[in-house]
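# Structure at a glance
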Amino acid sequence: MPEILTRGRTATRTLQGELLFRPYYVQKGRGPNLLDWAYASDKNWDAFHSNITSGKDGVKISDTEGIDKFGIDVRWNVEGFGYIYITADNGGEYYSLPKEGATGELNLNYELAKSRVYRNRRRLKKFLEESPGWKPSKDSQAFIDLSEDFLSDAGKVMQEAQKCAEFSQAALYYAMWGGEKLELSRAESEIEKRGYRPNFFIGCDARGFYQMDPDTFMEDFASLFNYATITHYLKSNSYQDFEPQEGDTRYDLRDAVLRQLKSKNITVEGRPLLWFYGSVTPDWLRRKSYDELRKYVEKHAREVVSHYGEAMYAWEVVNEIHDWANELQLNNEQIVEITRLACEVTKDTNPRVKRLINNCCPYAEYVQLKKWGDLDAKYHQRTPHQFMQDLVDAGVDFNITGQQMYFPYRDLQDTIILVERLEKFGRPVQLTEVGASSGPTKDSIFSGRLDLPKEPYVWHRPWDEELQADWLQGIYSMAYSKPWIEAVNWYDFVDPYAWIKNGGLLSSPQGERKPAFDRLLKLKEYWKSLPAKS
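Residues numbered from 1 in each chain as written. Predicted model: local features only at pLDDT ≥ 70, side-chain atom pairs only at ≥ 80, totals over all residues. Heavy atoms only, no water.

Two strands pair when backbone bridges link them, and strand E2 (residues 34-41) and strand E6 (residues 71-78) are joined in this way by 5 bridges, in the antiparallel orientation. Residue pairing for E6: Ser41 is matched across the bridge by Gly71. In terms of strand pairing, E2 meets strand E3 (residues 47-48) through 2 bridges, oriented antiparallel. Bridge pairing in E3 links Ser41 to Ala47. Hairpin connection from E2 to E3: 5 residues lie between these consecutive antiparallel strands, with Trp45 at a positive phi of about 65°. (Pairing = 2+ DSSP bridges. Helix = DSSP H or I, 4+ residues; strand = E, 2+ residues; numbered from the N terminus.)

Written out as structure tokens, the structure reads:
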């Protein structure tokens, strides 16, 4: 197959008038209250590159590079809820830039509040239409009602900017809490209605087998999880390299872990066949031409999938290849073709194994940064959502949509709404990697691994072990309520080795369980107590 080149683009002038979102700092604390960075998103909630800036005087944008309707995504301090990313989208109607030479100004506080209050209205209407007779919890309705009242008050004093901002901040506070409570109320109702899901996977990576006593690991792991991933990074800084030199594949430790997991009737996924991120890409792979890469992909996928045969339920065919992890600097079309090739070879080698596409960075902030990891991006970048649509449109033969969801500096309502966009691709969805910190400890502070926070807390209160458990319960409950989500995998199992600092379910290799471990165990037991329904 000839090499496919990205089509050339002729630059067009897209600069228009400036739109300013002016903040009013009504918060009582020392801040910061508005992050000095922001990005824009389109009507599909996909990030796109623009000239947006954020500073003390506000958020300014005058060039959306051809996108007519947009929202802005800012990190704003909602005291009592969190210093968190929020989207302002004009109440679902989106913004347009003024004509070139003109300017426009909006009250940022009001726009954030209006956008969230209106969205709660739409979500509540949707749930009521889907389930006549269903009612939200009393506390969620109370918070939503208060947010409506304060927004109404803000609308009456639009000409008094400071007063409008104060009412708006109160509306936003109640809307944020009300939105989360609404989603959790809905999830609890759906779980009770749908009953026990015996085929739902509660998973985690099995690398803890190497990081603590293997017997202790297996006892704790098997008590909680029915799904495990075994990692095959070509190059790793923390455990055995899988292929440090081309052709020198190392299966011994992974085979041992696989045998132990299968002896406990744990379903296993292999991951990843391909991941082109800087720290895991060896030089011998980085030096390959595109044609050489294609030959390697075919050989590698066939050998690895064949080695494990029927032992693997699924293979993560590609990881973070959606214009983020692109150490080989492939263009968009090449990425699609490499993904297609890897899926085809995997299917040809073992038609029964599932083929999973794993994406990171769910809100795609990297598009505004124009970054492939640490590299400057050379080509137009896609969000994970856009990449999956390109795969579907190209007929790539995958059968599981995977999305990572480490705590995204977003609230739970934002989180589940973003995940809901994946249902349309018609494949089961896995939340392939989720995690949140349990906050600093004495050891993490003294070692420098995780220090005390120096800015307002991001979600509900400063991270601690119970708050980690709260977030875990929220994300697992919302996912379990969706029949098209088949798995949620917590990353990682044991500190201090978790990807998210202090994000493990065990606080040390000695096996001390955190509240999040117990919370997930209780959720699992509760779900199992429900009657199974078709």
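That was the structure; now back to the text.
The next thing to look at is the environment of Lys69. Following the sequence through the fold, Lys69 ends up in the loop between strand E5 (58-61) and E6. Exposure remark for Lys69: the relative accessible area of 34% places this residue in the partly exposed category. Along the primary structure Lys69 and Pro515 are separated by 446 residues, whereas in three dimensions their C-alpha atoms are 44 Å apart. Discounting chain neighbours no more than four positions away, the residues touching Lys69 are Asp42, Lys43, Glu93, Tyr94, Tyr95 and Ser96. Side chain to side chain, Lys69 and Ser96 meet in a polar contact 3.3 Å long. (Buried < 20%, exposed > 50% of the residue type's maximum accessible area, 1.4 Å probe, protein only. Contact = heavy atoms within 4.5 Å. Polar contact = N/O pair within 3.5 Å; in protein donor to acceptor, adjacent residues only side chain to side chain.)

Listing the buried residues of helix H11 (residues 384-393) in full gives Pro384, His385, Phe387, Met388 and Leu391. The buried residues of H11 occupy an angular sector of 160° when projected down its axis, which confines them to one face. Those residues of H11 that are buried lie in contact with helix H9 (332-349), strand E13 (354-359), helix H10 (366-369) and strand E16 (400-403). Note on H11: the residue one or two positions beyond its end, Gly395, has a positive phi of about 75°. (Arc of directions from axis to C-beta.)

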